[in-house]
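# What the coordinates show
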Amino acid sequence: MAANLKRVFPGGNTSEGFYSYYDYLIENDANRIFVIKGGPGVGKSSMMKRIGHEMIKRGYDVEFHHCSSDNNSIDGIVIPKLRVAMVDGTAPHIVDPKNPGAVDEIIHLGDYWDLEKMKGNREEILKSNKEVGRLFQRAYKFLRACRPIAEDIVNKYKEAMDFGKVNVQTINLINKIFENITTEPKIGKERHLFGSAITPNGHIEYTDTILNNIGKIYHVKGNMGTGKSTLLEKIYKQALLKGLDVEVYHTPLIPQKIETILIKDINIALTISKMYEQNNYKIIDLDKYIDNKIISKYKEELDYDKKMLNDLLQQGILNINRAKKEHDIMETYYIPNMKFEEIEKRKNEILKRILSYEK
């Protein structure tokens, strides 16, 4: 079987600002975690991508952990079989070694820039860095403003829902999924990440790479407030009690809510992703428990709320996009002053060390 490339987001631009699930990048029993430091444009993402693709060529499954502030860039790679990871340790996702030397080590690509030439761009770098920060703060204000609008929509649908029937369907679904699963004398492990993100290019989703080769994929359908996230949470908690490991992927705007759960041990996933509206094992439709008479009286308010929510979200995306463009300008102050031939040598050295964990 060909090696698999999974794409995820370890952090996201949310209604709570930048939200991190970086602690779940790799398990605590990792063989080695390389923490890459250095400014914009020094080659962190390129180095990790090249190593990742090299490992795929060698037949290893690899995870690319994308940057929500630039979805074409990556903030980390994980090679699960070798229990090795590389991660960008610069702002806003500050990552410092937890077990220095024993597991974690810092690779500082700033060792390969020409400091004297860099000093000539000091004022421009400071100015650009300040503007990037300002634009992100502005973006987060718009995303934060989305939250009460979203909650207003949720409350209206909650009023119209028959949650008694939702509970019955949830229990029946749990019984069906776990009917032949023996409970192990252990608690399963949970891993939290994002399968989609609010990026400079809008809403970007990688759920299809996460659920590649999964046998049964349930599509959970429903409007905001119909109980999709609660249903997914109940199922993943039951899986943990059964001793099964679960990957939990969260929604990009409200990071506590759930978009997808993957129970790889039993080859089952459940998702609200529209990618699986047609291509699924079964649809769980929560909209059928809505009292449409209640919803109809709120139609005008709901139409307004949904438009307002979209407008605010688009303003957030616009400002993230402006921040990305300013960040690109800042990179131009670093790139000409980098010793990329030295970085290439370091990349080859790291690749050899990663391959040393082969058994």
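Model, not experiment: these values are computed from the prediction.

The tally for this structure, following the rule as stated, stands at seven aromatic pairs. Their ring planes at 80 degrees and their centres at 5.3 Å tell us that tyrosine 218 and tyrosine 281 sit as a pair that is edge-to-face. With tyrosine 218 in strand β12 (residues 216–221) and tyrosine 281 in the loop between β15 (268–271) and β16 (282–285), this pair connects stretches of sequence that are 63 residues apart. By the ring-pair criterion, three or more aromatic residues cluster together here, those being Tyr19, Tyr21, Tyr24 and Phe194. The aromatic ring of tyrosine 298 is capped on one face by lysine 156, whose charged end is 5.4 Å from the ring centroid.

What follows covers the pattern of salt bridges. Using the criterion set out here, one finds 26 salt bridges in the structure. Across the salt bridge formed by lysine 6 and glutamate 63, the nearest N and O atoms sit 3.7 Å from each other. Of the two residues, lysine 6 is situated in strand β1 (residues 5–8) and glutamate 63 in strand β5 (residues 62–67); the sequence distance between them amounts to 57 residues. As far as the burial class goes, lysine 6 and glutamate 63 line up, both buried. Connected through salt bridges with shared partners, the residues Lys6, Glu63, Arg191 and Glu247 form a single ionic network.

The next subject is the pairing of strand β3 (residues 17–20). Residues in a regular strand point their side chains to alternate faces of the sheet. Examined bridge by bridge, strand β2 (residues 11–14) and β3 share four bridges and lie antiparallel to one another. Looking at β3, one finds that asparagine 13 is bridged to phenylalanine 18. Where β2 folds back on β3, the antiparallel hairpin that results is connected by two residues.

The six strands lie next to each other as β1-β5-β6-β7-β4-β8, forming an open sheet whose pairing is mixed. Across the chains shown, the open sheet's two edge strands, defined by having one partner strand only, are β1 and β8 (104–108). Strand-to-strand twist of the sheet, defined as the mean angle between neighbouring strand axes without regard to direction, takes the value 25 degrees. Where strand β4 (residues 32–37) and β8 come together, five bridges link them in parallel fashion. Residue valine 35 lies in a different strand from β8, and its bridge partner there is isoleucine 106.

Glancing now at the nonpolar core. Soluble, globular proteins show a tendency: their nonpolar side chains are buried together. The biggest cluster of nonpolar side chains holds 82 residues, and the ones touching the most others in it are Met55, Met86, Ile235, Leu270 and Ile354. A per-element tally of this core places helix α3 (residues 122–160) first, with 14 residues. Inspection of this core shows a minimum of three residues originating in each of domain 1 (5–112 + 339–356) and domain 2 (162–289). Discounting chain neighbours no more than four positions away, the residues touching isoleucine 235 are Leu173, Ile174, Ile177, Phe178, Ile261, Ile263 and Leu270. Of all hydrophobic cores here, the second largest spans 10 residues; its members include Val8, Leu211, Ile217 and Tyr249.

Attention now goes to helix α9 (residues 340–355). It helps to recall that an α-helix has 3.6 residues per turn; residues three or four apart then point in one direction. Look at α9: 22 Å from first C-alpha to last across 16 residues, which is about the 22 Å you get at 1.5 Å a residue. Those residues of α9 not exposed but buried are Ile343, Arg346, Lys347, Ile350, Leu351, Ile354 and Leu355.

Our focus in this paragraph is the state of the cysteines. Taken as a whole, this structure holds zero disulfides when the rule is applied. Here cysteine 67 is not cross-linked by a disulfide; its sulfur's nearest cysteine counterpart is in cysteine 146, at 20 Å.

With that settled, consider the side chain of threonine 207. Its location among the elements puts threonine 207 in helix α5 (residues 207–210). Here threonine 207 is in contact with Gly195, Glu259, Thr260, Thr271, Ser273, Met275 and Tyr276, once residues within four sequence places are set aside.

So, on to the domain arrangement of the protein chain. Each assigned domain of the protein chain is listed with its residue range as follows: domain 1 (5–112 + 339–356) and domain 2 (162–289). The distance between the C-alpha centroids of domain 1 and domain 2 comes to 27 Å. Listed by partner, the interface residues are 26 residues for domain 1 and 26 residues for domain 2. With both sides pooled, the region where domain 1 packs onto domain 2 buries about 2,100 Å², and carbon together with sulfur makes up 54% of that total. Ranking the residues of domain 1 by area buried against domain 2 places Phe9, Tyr21 and Tyr24 at the top, with a combined share of 32%.

The rules we used
Residues numbered from 1 in each chain as written. Predicted model: local features only at pLDDT ≥ 70, side-chain atom pairs only at ≥ 80, totals over all residues. Heavy atoms only, no water. Phe/Tyr/Trp six-rings, centres within 6.5 Å; stacked < 30°, edge-to-face > 60°. Helix = DSSP H or I, 4+ residues; strand = E, 2+ residues; numbered from the N terminus. Lys NZ or Arg CZ within 6 Å of the ring centre and 35° of its normal. Salt bridge = Lys/Arg side-chain N within 4 Å of Asp/Glu carboxyl O. Buried < 20%, exposed > 50% of the residue type's maximum accessible area, 1.4 Å probe, protein only. Pairing = 2+ DSSP bridges. Axes fitted to C-alpha atoms, helices over the stretch in contact; angles between N-to-C directions. Core = buried A, V, L, I, M, F, W, Y, C linked by side-chain atoms within 4.5 Å. Domains from an automatic or database assignment. Contact = heavy atoms within 4.5 Å. Expected span 1.5 Å × (residues − 1). Disulfide = S-S within 2.5 Å. Buried area = accessible area lost by both parts, 1.4 Å probe.

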